[in-house]
Structure formats: C-alpha cells, structure tokens
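Now for the letters of each chain:
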Amino acid sequence: MLRNYLTVAWRNLLRQRTYALLNVTGLAVGVAFSLLALLYVHHQWSFDRFHESAERIHLIRYDYQWPGSDDLPMVCTPPVLAPTLTEEMPELGPVVRVYWGDMTNGVPVAPEAGEPLWARGVFVDPGFFSIFSFPELAGDSRQALADPQGVVLSRDLARRCYGEVLPIGRQFVVTMAGIHRSFEVRGVVEVPTSSSLTFDFAISHAVRGQLSDQWGHCHVLTFVELSPGVDRLAGEEALARIASRHLSPEMQRRWGGEAGIKLRLLPLLEMHFTQGLREIPAVLNPLYCWAVAGIAIGVLIIACVNFVNLSLALMSRRTREVGVRKTAGASRGELARQFLAESTLVTLVSVAAGVALAELLLPSFGGLLGVDLRWRLAPTLIGAGSLIVIIALATGLYPALLLSRLDPVRIMRGRLGFGGTSPLTRALVAVQFACAALFAITALVMSGQVEHLREQGLGFDSDQVMVIDVERGQPERSVVPYESLIAALRHAAAVRPEIIAVGAANNRFASNRYEGTILQIGDRPRQVGIFFIDEGFLAALGIGIKEGRSIAWDRQAEISDAMLVNETMASLLGPGTAVGQSFTDPRATQRQRTIVGVVGDVQLSPMGQEAIPIIFQPPEHARYLENVYVRLAPGHLREALQQVQAVWEQVFPGRPLPYSFLDDDVAEALRQDGRWVPVTRAAAGVGIAIAALGLLGLTALAVERRTKEIGIRKVVGAPVTRIVWLLSREYTGLVLAANAGVWPVAALVCTRWLEQFADRIDLSWTPFLAVALGALLVAWVTVSWQTIRAALADPVKALRYE
C-alpha cells in the first residue's frame, strides 16, 4: 500500500512539475537557511561542553572595582591564589592558572631552524590538560608540561610547522622578549572552535620565572575543578575564608568598598555568555543566539506557509478525483494517507535539496558571522530528520484531512471552501509577507546604523595609515631598539616621498583595548584613557588641535610637564577652558602636568560607544610606544611597504614585520558588530523570494481557474488593465495589510537593537515605507507576469477552455 501511495504521489508531481518545482524550491531554500542558522546556534551553545568535567570546572572571579567608577569589574586573580588554594584547601579540587600576557597577539615561533611564523601562546600550570580535556592527537599532554622544556601544540600549528608528520620529540623555538627559547614538543591537541580558551601552543608558567606573591597583582585567570560533592555555594564559602585570611581590611576597602573583595565562581559552561566582565575571552551576547534562532524559525515558517498555500491550491484541482474515489468506496483514512504521502515525498526531496544547498553555502555563511562552522553528523541528522517530520505533518496533515472529509455531492457541484481564494489562503499569504517585511525593515535599519558609524567622525584619518605592532615583533623591551626604529622611519620619511609622517603611541585604535587609569574628576572617580605619544603622533593620525596648542616637543621642561586632553575630558573639568588646568600625573604622583591643548574626541572602538576621556602625554621611556603609525603616500603603496620593511630588517633582522592597515582594523571592528546585517538581509531576501514563489504559483492557479471568466470579460470589451487589476487587487491589499500589521513589532525590535549604541540614528518611517513599497512592487511584478499573459490571450481559446 505504501508503495502505491508513493507511486501515485510521484506521478502527480511529474504531472504538475512546474508547481512542484516551485514548492520544492521554496521549501529547500527555507530549510537550507534554517539549517545554517540552527547550526550556528548549536555551535554557540555547545561552547566548552567537549571537556569531560565541564560541569565541575569554574572560573574564580576576583571581582574588584574602584568605588564609583564606570569601569567593568575584573575577573583576573593574583598568581598566588592557586598555590594557596592547593595548600590550604586541597579538598576544593585541582586549581590551574592561565595567562596569555605578551603572547596575546602572537609571537614568532619556528620549527627548529625553520622560517618564523606568528602563533598565539599561553602560559599554564602543568595540571592544565588534566582539568581541560582537549582532544589529544599525539603524545601525552597531561605530563607534557611537568618540566619547563615541554610544549603542547595545537593541531593547526603542528601542521603549519611540521606538515602531516607527528612532531613529538621535535624542537620548537619561541621568541619571547627578544630571546629565542627552545622547547620539546610533547603533545598535540585539537583546540575546537567551540572553546573559550584558544591557543596555538601552551608552555609552563615556570618559563616566566618566579611569579608574584602579592595579592594585589592580578593578571591571571584561575580555574578550579570542584571535587565531587563540592557544589558552587560551598566553593564560594571556602573562597570567602581564603579572602578573609589573606587580604587585609585596608585592601578590601580599597578595591571593594564597604562590601570588600568577593571571590566568586563562574561556571565554565556560562562563561561564553557572561556579559559585563573584563578579560573573559570569546564572549557572546546570548540575545544574538536567540535572534538567529528566531530568524531561522521565521524563514522556516515562511517556507512552510508557502508549502501549505501551494498544496491547498494544487489539491483543489483534484477535487473531482477525490469525489470519484469516495463514490467508489475509498475511506477518509485512505485519502488522507494518500495526500500525506505526497506531502512527505515533497518534504523529503525539499529537505535533501536544502541540506545540499546548505553544504554549498556553509563557508560563506560562517564567514558572514565570523565563525568556522562545521557539520556535525549527529546534530545534522537529528535536525534534518526533525524537519522532515515537522514539515511533513505541519504542511501535509491539514490539506490531507481537509480534502478527505469533503462531501462528494459538494465536490461535483464545485462548492468548495478552500483554494487560492479562501480566507485561510489569504491569511497565510499575509503571514508570509509579514515575516519577510519584518526581516527587511530590520535589515534596513541595521544597515543604516552601520553606515552611520562608518561615516561618523572617528577623530582621526585612518586612510593609508600602516600600524606596526612593535611589541608583537618581540624585540627586547629596552629604549634603544624602539628609538632606533622610530628614528630610522623618520629618516626614511625625510628622504623618501612614499612615507609622509611617522608617529607612535602605546594604544591601538579600533581594538577596544586601551591603557587607562582612575582619576578623581569632580565628585567621582572616572575611567580615563592614557595615550603616551611622541611628536609625530598627531600628524600621522590627522588629529587636529581644537583649543590651545600642541606640546612644544623641543623643550624638555614642557615634555615633562605638559599634556593634551580630548573634548570629553575637557567637558568633565567644568565650564570654561580646560587649557591651563593642572593634574597630577597618573603615572608619577609627585609630578603635576598642565593642559596646553584640547584635541577632538577619538574613538578607540568605532562602533558607537560613548567617547571616553583621554589624556595625551609624552612617555617616560620610548619602550611605551608600542604602536608605530606610518602614513603612506597614495599611489605608492608597494614602494612604501618595501621602505618600511627595509627599515624593520635593519633594526630587527630576522624577525617578521607585524603590521596592519588602520582602515582595515576599523572595517573589521565595524564588521564584527555589523555581522548581523548580512544575515538579516539574507533572511529578508530569502523570505521575499519564497513569498514571491508562492504568490507566483497561486496566481497561476487562480488564472487557470478563471480562464473562462477572463475570456468572457474580454469579449464584452474589458480592457487589459481592468483585467490585470481585477486579478491583482486582492494580493495588493494583503501585502499592504501584512506590512502595516508587522510595523509595531519591527519598531520594537529595531529600537531595542539601536539602544546598544551611544551614537545612533533616529528611527524614521523611511525603512517601513520603503519595505512596504518594495513588497508591493514584488507582488505586482509576480502577479502581473501571469495576469498580463492571461489578459492578452485569445478569448476564443479561453472560451474553449473546457
């Protein structure tokens, strides 16, 4: 019987191949987009779950914050905490420390005598790989760091350095602070993309030498694997006893106010979605996951609605078949199973096509979101199987039950209450266009906000500016190499037209990371950014003086006593001019510095956050100038790069030049926060395309049903425009009603999204009206393609239709 159902279903699909193709295409596109979106959501929610003891691993939060400051609380802990816990409370569980330090942005590494390349390392305790169970590919990672000579590589770095050969026992050279250190490879592990802790290689803390035993020196992440039977509350109580035992009341008041310093536990499985803390890697706002899941469900609803619409319309053409079969004795159950089998067959074909399409689009979709997405067999099979069952039942059950219960007499008389003109079909078309309109409005608002941020004044000119990360190059942290590099680049700028200006500073733009301190301004402490700059910095970045003057770099007294501030800092100093006011040097409490000039606000991160107060002052030592900015002449990029490369080789021979372009950094920062724009655009495009496909099929069926009516109207003199309007006015009203109905929801979604930006656009009626007109245009074009052809047809053929 099942074989007979499938055979009849296949023959019906072949007989109505055009409409079947529209149905399969719409559902396949919706399934592909939904699978990709749900794959991303699964990837995010699976963070850190691959560790065997993931549920027991916790990050120890050493929350402290200057009283009254706007700065986020830190989670870094002092290095002395881990050995103290191990010694005094071993029952709590094993404890390890993690520290990236100067290896955060990568250091030069090399396989034995091979060519150097950049890799990101991490310092860990020997027991790190006993707590964190990264998949082991070779060697023994748990014992690899028992002595300081061992190193554990990630699979990707092992391949980059040694190819497909397992490098266990091979030498691995790391350059740290200008010193080449040789290690022995004793383990290779896989670092999944769903790991909060990422690294290319791991070495022991012992390489760093004696660690600080001061409780106020906080710079490492400390993790504890709670022993069985020890819960989170018991662990925090034990940590409170440690804090009261080792932290003086003065320190607790200084950092934690009246409440004191609190040692708390953050579960590893919650770390990826924890907001409002500093130094936690790979953090994601969970709302983004829910948003992507909602978009996936919305697109799938559009596809399913489209499927139901076309299925109802197609099945309405088979009413005589149903009437004849019921008259011949077919039961309602048999008819329902027949139509459900047809729906299931179409669903199977659509899901298979959707999976294939998703496979093709997977790299592009992952690139849009900045995530390396990979298929996982079990979730993919479960997802595809669930979609087949859900879609087959949701889209096939209602049409099957509806047709199977029809009275044969009513069928023969043509009195049917469903099809392309039924209230249900109209409502489903409206739902399709409402969902598509929601995505389109959101995409337009997001695009407008990102474009606004791109065009806003960043306070500096990022075009043709090369940024050299001197610290990443890992020269020795002494004055001479830094001064030699800057002096050599300035000499090149003086004699070569390809280099316009050279400046240096400690901070880097578009990174959202900056050096700062707390200053008492007015009646409250404020987080203030500190820029150590040299005489060429303002010229290299195109930063102008708004008030006062620049620092007189040829006068030693002014280098020691002068500073610049930005407009935000000047506004905090009260009414009147800021020029002439004095401050205690944040880094030298015995020295007063006087403000000699005010510069415009510069955005450390160009994504609409409020500008922070900033102080610009000369450094005490050239080694603080870790980022060198080189403005290059337009049209001579290759020659300029060669000149800079030659200077770098002269100062730091044998070390790769670590550079980027500032406009690329800005674009990347924009892309990170604007990555949801292309996803929403894609959802809007997919939704509108599916709705248009459904509308095309419905219109074709409606024209087919009204062929004789069209012929009669033409015979009695109806013009083509009148016939086209007669057939398309119904869908015009549906599209407009769908758009108007979804406007409040779209306004709420867009308002909530815009609230995260300090500098944001005003929500206007423009995107709402533009989407309504665009949807109307799509509907008219789709409907007109069928109706105009029908209206222009020979009326004689129409009257002979039956």
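Structure report, in brief. Note that the coordinates shown come from a computational prediction; the quantities given were computed from them, not determined experimentally. (Residues numbered from 1 in each chain as written. Predicted model: local features only at pLDDT ≥ 70, side-chain atom pairs only at ≥ 80, totals over all residues. Heavy atoms only, no water.)

## Focus: the overall build of the protein
(1) Moving on: Secondary structure assignment for the protein yields 26 helices and 23 strands.
(2) Moving on: When burial is assessed residue by residue, the protein has 52% of its 802 residues classed as buried.
(3) Moving on: The long-range share in the protein, meaning contacts at least 24 apart out of those at least 6 apart in sequence, stands at 80%.
(4) Moving on: When the accessible surface of the protein is totalled, it reaches about 35600 Å², and 57% of it is carbon and sulfur. (Helix = DSSP H or I, 4+ residues; strand = E, 2+ residues; numbered from the N terminus. Buried < 20%, exposed > 50% of the residue type's maximum accessible area, 1.4 Å probe, protein only. Contact = heavy atoms within 4.5 Å. Areas by Shrake-Rupley, 256 points an atom, 1.4 Å probe, with all protein chains shown as cover.)

## Here's the deal with the nonpolar core
For soluble globular proteins, nonpolar side chains are generally found buried alongside one another.
(1) Moving on: Val-31, Phe-33 and Tyr-40 are the most contacted members of the largest nonpolar core, which has 73 residues in total.
(2) Moving on: Of all the secondary structure elements, the ones that give two or more residues to this core are helix H2 (17-45), helix H10 (286-315), helix H12 (332-369), helix H13 (377-404), helix H15 (423-455), helix H22 (676-705), helix H24 (720-754) and helix H25 (766-791).
(3) Moving on: It is H15 that provides the largest number of residues to this core, a total of 14 residues.
(4) Moving on: Discounting chain neighbours no more than four positions away, the residues touching Val-31 are Leu-300, Val-351, Gly-354, Leu-387 and Ile-391. (Core = buried A, V, L, I, M, F, W, Y, C linked by side-chain atoms within 4.5 Å.)

## Points about helix H6 (residues 155-162)
(1) Moving on: The set of residues buried in H6 consists of Leu-157, Ala-158, Cys-161 and Tyr-162. Within H6, the buried residues cover an arc of 100 degrees as seen down the axis, which keeps them to one side.
(2) Moving on: Residues of H6 that are buried make contact with strand E3 (107-111), strand E4 (117-119), strand E7 (150-154), strand E8 (171-176), strand E9 (179-189) and strand E10 (201-204).
(3) Moving on: Phi turns positive, to about 70 degrees, at Gly-163, one or two residues after H6. (Arc of directions from axis to C-beta.)

## Describing the pattern of salt bridges
(1) Moving on: All told, the structure shown has 13 salt bridges when counted by the stated rule.
(2) Moving on: Of the charged contacts, one joins Glu-236 and Arg-232 as a salt bridge, the two residues approaching to 3.9 Å between their closest N and O atoms. With Glu-236 and Arg-232 both in helix H7 (residues 232-246) and 4 residues apart, this pair spans about one turn of that helix.
(3) Moving on: Between Arg-496 and Glu-498 there is a salt bridge, with the nearest N and O atoms lying 3.1 Å from each other.
(4) Moving on: Overall, Arg-496 belongs to the partly exposed group, its relative accessible area being 33%.
(5) Moving on: Relative accessible area serves as the criterion here: at 8%, Glu-498 is assigned to the buried category.
(6) Moving on: Salt bridges here are not isolated pairs; linked through shared partners, they connect Asp-147, Glu-184 and Arg-186. (Salt bridge = Lys/Arg side-chain N within 4 Å of Asp/Glu carboxyl O.)

## Some remarks on a nonpolar patch on the surface
(1) Moving on: A surface patch of nonpolar side chains, amounting to about 370 Å² of accessible area, comprises Trp-45, Leu-287 and Trp-290.
(2) Moving on: Relative to the helices and strands, Trp-45 is located in helix H2.
(3) Moving on: Looking at Trp-45, the relative accessible area reads 34%, which means it is partly exposed. (Patch = residues over 30% accessible without salt bridge, like charges linked within 9 Å, V, L, I, M, F, W, Y side chains within 5 Å.)

## Brief notes about the packing of aromatic side chains
(1) Moving on: Applying the stated rule across the entire model yields 21 aromatic pairs.
(2) Moving on: Measuring from centroid to centroid gives 5.7 Å for Phe-50 and Phe-134, while their planes differ by 55 degrees, and the two rings are tilted. Separated by 84 residues along the polypeptide, Phe-50 in the loop between H2 and strand E1 (57-63) and Phe-134 in the loop between helix H4 (128-131) and strand E6 (136-139) bring together distant segments of the chain.
(3) Moving on: A residue is classified by how much of its surface remains accessible, and Phe-50, at 24% relative accessible area, is partly exposed.
(4) Moving on: The class of Phe-134 is buried, set by a relative accessible area of 5%.
(5) Moving on: Between Phe-537 and Tyr-629 the ring centres are 5.9 Å apart and the planes differ by 75 degrees, which places this aromatic pair in the edge-to-face class. Of this pair, Phe-537 sits in helix H17 (residues 537-541) while Tyr-629 sits in strand E22 (residues 627-632); the two residues are 92 residues apart in sequence, bridging distant segments of the chain.
(6) Moving on: Its relative accessible area of 0% is what places Tyr-629 among the buried residues.
(7) Moving on: Chaining the aromatic ring pairs together yields one cluster made of Phe-50, Phe-128, Phe-129, Phe-132, Phe-134, Phe-199 and Phe-223.
(8) Moving on: Note that Arg-208 overlies the ring of Phe-123, its terminal NZ or CZ placed 5.7 Å from the centroid. (Phe/Tyr/Trp six-rings, centres within 6.5 Å; stacked < 30°, edge-to-face > 60°. Lys NZ or Arg CZ within 6 Å of the ring centre and 35° of its normal.)

Function cannot be read off these values alone, since they describe shape.
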